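As a plain string of letters, each chain reads:
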Amino acid sequence: MGQRLTLDGLTFSNFPVSPVAMSPVNHFLYPVMIVAGWLLSVTFCPADQPVTLSELPTPAQSALKEQVGKGTLNGVLRTSEFPVAAFAATYARDKKNWTVTVNAEGKLLRQQILTADLPEAVRPMFKKTMGTGKLQKLEKVWEDGKPTYEVELTRSGRTGGFTLDEAGTLLS
């Protein structure tokens, strides 16, 4: 039972309540509340923000410097990917670009790794699930203190991915 309402040149449609049951005030307030909710969600869910290394808490700075090592830091973002304060860095080392994410205490949350860095228990399922796919990105992710391995790949022109736990069990 979709209804349409035009207000100051904007058309709102598919109201769940019929216009007969809505007072003129409600015809105005309903779209205003929808727009206000959207604005609040945009305001309180900020996108990733570029920051300088010196703006980070000291433990996060130290952890990122350790990860970058002799590489070159390309940039740092304050990321909203995790429920805690987190900082994602991109850096170049050994002619490759890498990513790593740490929290304010300097603990690793996400780290790009090589296939050689996979534990022995994970390798058989990794190889089986990869099949003929081409590896795009491999990351070790820590959630609740336990690592998982997130894989991005392309196969037959399609992009996909899967996640393995530390025992090599396919999670997704």
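Higher on the page you've got the structure.
So, how was this worked out
- Residues numbered from 1 in each chain as written.
- Predicted model: local features only at pLDDT ≥ 70, side-chain atom pairs only at ≥ 80, totals over all residues.
- Heavy atoms only, no water.
- Helix = DSSP H or I, 4+ residues; strand = E, 2+ residues; numbered from the N terminus.
- Pairing = 2+ DSSP bridges.
- Axes fitted to C-alpha atoms, helices over the stretch in contact; angles between N-to-C directions.
- Buried < 20%, exposed > 50% of the residue type's maximum accessible area, 1.4 Å probe, protein only.
- Polar contact = N/O pair within 3.5 Å; in protein donor to acceptor, adjacent residues only side chain to side chain.
- Contact = heavy atoms within 4.5 Å.

Trainee: I'd like a description of unusual backbone geometry, backed by residues and values.
Mentor: Positive phi outside glycine occurs at Asp-94, with the angle close to 55°. With respect to the helices and strands, the residue Asp-94 is situated in the loop between strand E5 (86-93) and strand E6 (96-103). The phi torsion at Lys-95 lies on the positive side, around 65°, for a residue other than glycine. By the element assignment, Lys-95 lies in the loop between E5 and E6.

Trainee: Run through the sheet that holds E6, naming residues and quoting values.
Mentor: As summarised here, the arrangement of the eight strands in space is E3-E4-E5-E6-E7-E8-E9-E10, forming an open sheet in which the pairing is antiparallel. Strand pairing shows two members of the sheet lacking a second neighbour, strand E3 (49-51) and strand E10 (158-165), which therefore form its edges. Here the average twist between neighbouring strands, direction ignored, is 20°. Two elements, E3 and strand E4 (residues 72-79), share three bridges in a ladder whose sense is antiparallel. Considered in E4, the bridge of Pro-50 is made with Leu-77.

Trainee: Account for the side chain of Asn-103, with residues named and values stated.
Mentor: For Asn-103, the position within the fold is in strand E6. Asn-103 sits in the buried class, given a relative accessible area of 9%. A polar side-chain atom of Asn-103 sits 3.0 Å from the main-chain amide nitrogen of Glu-105. Other than its neighbours up to four places away in sequence, Asn-103 contacts Ala-60, Val-84, Ala-85, Ala-86, Phe-87 and Leu-109.

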